[in-house]
Amino acid sequence: AQSVTQLDSQVPVFEEAPVELRCNYSSSVSVYLFWYVQYPNQGLQLLLKYLSGSTLVESINGFEAEFNKSQTSFHLRKPSVHISDTAEYFCAVTSQEPGRRALTFGSGTRLQVQP
Amino acid sequence: GAGVSQSPRYKVAKRGQDVALRCDPISGHVSLFWYQQALGQGPEFLTYFQNEAQLDKSGLPSDRFFAERPEGSVSTLKIQRTQQEDSAVYLCASSLSAGGSGTQYFGPGTRLTVL
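Residues numbered from 1 in each chain as written. Chains lettered and ligands numbered in written order. Predicted model: local features only at pLDDT ≥ 70, side-chain atom pairs only at ≥ 80, totals over all residues. Heavy atoms only, no water.

**Re the overall build of chain B**
Now for step 1: For chain B, the helix and strand inventory stands at zero helices and eleven strands.
Now for step 2: Walking chain B from its N terminus toward its C terminus, one meets helices and strands in the order β-β-β-β-β-β-β-β-β-β-β.
Now for step 3: Computed over C-alpha atoms, the radius of gyration of chain B comes to 13 Å, within 12% of the 13 Å expected from 2.2 N^0.38 for 115 residues, which places it in the range of a compact globule.
Now for step 4: The principal-axis extent of the C-alpha atoms belonging to chain B is close to 40 × 25 × 25 Å.
Now for step 5: The 115 residues of chain B split such that 47% are buried.
Now for step 6: For chain B, contacts bridging at least 24 residues in sequence account for 54% of all contacts bridging at least 6. (Helix = DSSP H or I, 4+ residues; strand = E, 2+ residues; numbered from the N terminus. Rg over C-alpha atoms; globule rule 2.2 N^0.38 Å. Buried < 20%, exposed > 50% of the residue type's maximum accessible area, 1.4 Å probe, protein only. Contact = heavy atoms within 4.5 Å.)

Listed below in structure tokens is the structure:
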């Protein structure tokens, strides 16, 4: 079984400031890692994912996340946020075992970008 | 359509009523998932289909919950004798592949309120 912890339920930040959303996971097997974003009144969308290879993964809108196996973390960062980044962000994992497809989500972090 | 669609978007039921929630996945997607998202929480896995086969139903909270995907495309989640604790957003997701690394694409959800 896996579990995901997002310690920060809300993160207020000013526009153009950097931000880090923290994600830690627990698993007895190897996992794939994901960040999903939910904009107001919209469905969940994949932001980025780590499957293998380089531990640093990037999204098309400037976010990046780094897989740290020793610390079992997958923190999400952006060097300069925009008002449009205001949303709820969910970290999720799934087992690499064949047949195990369920995503396990954290409780989410609400990013509030202020002008 | 281009994405996963769900209907109805909103459902109000009296305690004890049966409800049926529909999911239309992206055409050609092999895998289909149902999740339950309580207010202020991350989604929690309910069940998973690969084509018409229900491969994992470990997340269904009770025998009042039943899901089917008889022809390997559209899926229905049925809740019998609804109770107030069933109030939540029910999310459907589909994925092109059967492997765990495949991206899950989410629908907008059905918000169920049980009075």
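**With respect to the packing of aromatic side chains**
Now for step 1: Tallied over the entire structure, the rule returns 13 aromatic pairs over all chains.
Now for step 2: Measuring from ring centre to ring centre gives 6.3 Å for phenylalanine 90 of chain A and phenylalanine 105 of chain A, while their planes differ by 85 degrees; the resulting arrangement is edge-to-face. Taken as a pair, phenylalanine 90 of chain A in strand S10 (residues 87–95) and phenylalanine 105 of chain A in strand S11 (residues 104–105) lie far apart in primary sequence, 15 residues in all.
Now for step 3: A relative accessible area of 1% means that phenylalanine 90 of chain A is categorised as buried.
Now for step 4: Among the residues examined, phenylalanine 105 of chain A registers a relative accessible area of 9% and is labelled buried.
Now for step 5: Aromatic side chains phenylalanine 105 of chain A and phenylalanine 106 of chain B sit 6.1 Å apart centroid to centroid with 75 degrees between the ring planes, which places their arrangement in the edge-to-face category. Of this pair, phenylalanine 105 of chain A sits in strand S11 while phenylalanine 106 of chain B sits in strand S10 (residues 105–106), each in a different chain.
Now for step 6: Exposure remark for phenylalanine 106 of chain B: the relative accessible area of 9% places this residue in the buried category.
Now for step 7: Aromatic rings pair up to connect Phe34, Tyr36, Phe90 and Phe105 of chain A together with Phe33, Tyr35, Phe45, Tyr48 and Phe106 of chain B into one cluster. (Phe/Tyr/Trp six-rings, centres within 6.5 Å; stacked < 30°, edge-to-face > 60°.)

**A closer look at the pairing of strand S2 (residues 10–14) of chain A**
All names here are of chain A.
Now for step 1: Residues Val11 and Val13 line the buried face of S2, whereas the alternating positions Gln10, Pro12 and Phe14 sit on a face that is not buried.
Now for step 2: Note that S2 and strand S12 (residues 109–114) share five bridges and pair parallel. Paired with valine 13 across the two strands is valine 113, which belongs to S12. (Pairing = 2+ DSSP bridges.)

**Some words on the state of the cysteines**
Now for step 1: For the coordinates displayed, the defined rule picks out two disulfides over all chains.
Now for step 2: Each disulfide pairs two cysteine sulfurs, and for cysteine 23 of chain A the partner residue is cysteine 91 of chain A, the sulfurs being separated by 2.0 Å. Classification of the bridge connecting cysteine 23 of chain A and cysteine 91 of chain A rests on its S-S torsion, roughly -65 degrees, and on that basis the disulfide is left-handed. With cysteine 23 of chain A in the loop between strand S3 (19–21) and strand S4 (24–27) and cysteine 91 of chain A in strand S10, this pair connects stretches of sequence that are 68 residues apart. The residues cysteine 23 of chain A and cysteine 91 of chain A share a single accessibility class, namely buried.
Now for step 3: Put simply, cysteine 23 of chain B and cysteine 92 of chain B are joined by a disulfide, and their sulfur atoms are 1.8 Å apart. Classification of the bridge connecting cysteine 23 of chain B and cysteine 92 of chain B rests on its S-S torsion, roughly -65 degrees, and on that basis the disulfide is left-handed. Of this pair, cysteine 23 of chain B sits in strand S3 (residues 19–24) while cysteine 92 of chain B sits in strand S9 (residues 88–95), placing them 69 residues apart in sequence. (Disulfide = S-S within 2.5 Å.)

**Let's talk about the pattern of salt bridges**
Residues and elements named next belong to chain B.
Now for step 1: All told, the structure shown has seven salt bridges over all chains when counted by the stated rule.
Now for step 2: In this structure, the salt-bridge partner of aspartate 86 is arginine 64, at a minimum N-O distance of 2.8 Å. Of the two residues, aspartate 86 sits in the loop between strand S8 (75–79) and S9 while arginine 64 sits in the loop between strand S6 (53–56) and strand S7 (65–68), which places them 22 residues apart along the sequence. Considered together, aspartate 86 and arginine 64 belong to a single accessibility category, that of buried residues. (Salt bridge = Lys/Arg side-chain N within 4 Å of Asp/Glu carboxyl O.)

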